[in-house]
Amino acid sequence: MVGAGLSGAVVARELADLGYGVDVIELRDHVGGNCFDFIDENGIRVHRYGPHIFHTNNKRVFDWLSRYTEWIDYEHKVLAELPCGRRVPFPPNNTTLQSVDEADLIDIFYAPYTEKMWGRPIAEVNPRILSRVPVRQDGEDRYFPRDVYQKLPKAGYTSMITNILEHPNIRVSLSTGYERNLESQYQHIFNSMPIDEYFNYELGELPYRSIKFHSWTAPFASSSPVPVINLTTHEKFTRITEWVKFPGNEKASSNSTFTIEEPCDYSENNGARYYPVADIDGKNRALYDQYASLVPKNVTFIGRCGLYVYIDMDQAVSNSLAAARRYSQAERAAA
């Protein structure tokens, strides 16, 4: 298993429960992938790679993860700060429309954020990405109003993924990179690394967006009722997270920890890849498909980077459960 993030951990545990021995290697010095969280010097739980909110309608995925964590109920809400400084609900709803004309929504909320986030004009971004945050015609102010399960792991994502990997058939090696000669030593490789990097970019590089996270401490919490504020101005930052506003962050200190996000190309951030770029003409997907056609039979790519897809956590879990099931069924059929 290449990668100890959520996708890799789910496949590893499923196969370990079926009796397979699984070696997990992880380039970073921690498990959890981009879900990694920790308690900072102020006693506050911080998500190192940006806020992660678990939400789903998939009961099977929720029940599977519930074997490894207790949950805290949490319904995510976001405000957007207008250029005048006023803060309004986002995605836009009826309250937002009292401050912003509907004809101006694209120019104020979507176009600037999209250009900062994806590094290209809104017209060049696949509209499926924009449909993740639709305009609402009512007073609904929850970010994920249609999802039955909206939670945070009580002890954090790192603890949950550590529990998933806690199995006598699983061995985890951190700060360990992948080398192609490993393929001859294992029955199968599940790989969550970028597929173009795996092939040493022989067909060209796939574009990814990255984020630089800038954090600081303030001696008191802000007056904001929500933890995340989107920034609508054309400056380079997209949003600010105040971590103490998430439930479960009770602490002794009066300090508050903030993180502001600065999107960039992954080449500007030590190669850290967070988001595959879904261009409107599909050229990036076509290049991925070319790489996918070259994948050896004993290798399966998983996760956001491995599959070059922009998916949520519940989808990552569902995809990984399916990948483990397909592999075990194929093994039984061949036996």
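Now for a description of the structure that goes with this document. (Residues numbered from 1 in each chain as written. Predicted model: local features only at pLDDT ≥ 70, side-chain atom pairs only at ≥ 80, totals over all residues. Heavy atoms only, no water.)

## Topic: the packing of aromatic side chains
Here is step 1: Counted under the stated rule, the structure contains 25 aromatic pairs.
Here is step 2: With centroids separated by 5.4 Å and ring planes inclined at 25°, the aromatic side chains of Phe62 and Trp71 adopt a geometry described as stacked.
Here is step 3: Its relative accessible area of 17% is what places Trp71 among the buried residues.
Here is step 4: On the numbers, 5.1 Å between centres and 70° between planes, the contact of Tyr143 with Phe144 is edge-to-face. We note that Tyr143, like Phe144, is buried.
Here is step 5: One aromatic cluster in this structure is built from Tyr178, Tyr198, Phe199, Tyr291 and Phe301.
Here is step 6: Across from the ring centre of Tyr49, 4.2 Å away, lies the NZ or CZ of Arg28, which sits over that ring.
Here is step 7: Sitting over the ring of Phe38, Arg48 keeps its end group 5.3 Å from the ring centre. (Phe/Tyr/Trp six-rings, centres within 6.5 Å; stacked < 30°, edge-to-face > 60°. Buried < 20%, exposed > 50% of the residue type's maximum accessible area, 1.4 Å probe, protein only. Lys NZ or Arg CZ within 6 Å of the ring centre and 35° of its normal.)

## Thoughts on the nonpolar core
Here is step 1: Counting 55 residues, the largest nonpolar core has Leu65, Phe109, Met160 and Leu165 as the members making the most contacts within it.
Here is step 2: Ranked by residues supplied to this core, first place goes to helix H1 (residues 6-17) with seven residues.
Here is step 3: Beyond its immediate chain neighbours, meaning those up to four positions away, Leu165 contacts Ala4, Ala9, Ala12, Val24, Val31, Ile170 and Val172. (Core = buried A, V, L, I, M, F, W, Y, C linked by side-chain atoms within 4.5 Å. Helix = DSSP H or I, 4+ residues; strand = E, 2+ residues; numbered from the N terminus. Contact = heavy atoms within 4.5 Å.)

## Things to note about the sheet that holds strand E11 (residues 208-218)
Here is step 1: Here we have seven strands laid out as an open sheet, ordered E7-E6-E12-E13-E14-E11-E15, and mixed in their pairing. Two strands lie at the open edges of the sheet, namely strand E7 (87-90) and strand E15 (275-276), each paired on one side alone. (Pairing = 2+ DSSP bridges.)

## Digging into the sheet that holds strand E5 (residues 71-73)
Here is step 1: Taken in spatial order, the three strands line up as E4-E8-E5 in an open sheet, and their pairing is antiparallel. In the strand order of this sheet, the two ends are held by strand E4 (54-56) and E5, each with one partner. For this sheet, the mean inter-axis angle between neighbouring strands, taken without regard to orientation, is 40°.
Here is step 2: Sheet strands touched by helix H5 (residues 157-165): E4, E5 and strand E8 (149-153). Its angle to E8, the strand with the most contacts, is close to 85°. (Axes fitted to C-alpha atoms, helices over the stretch in contact; angles between N-to-C directions.)

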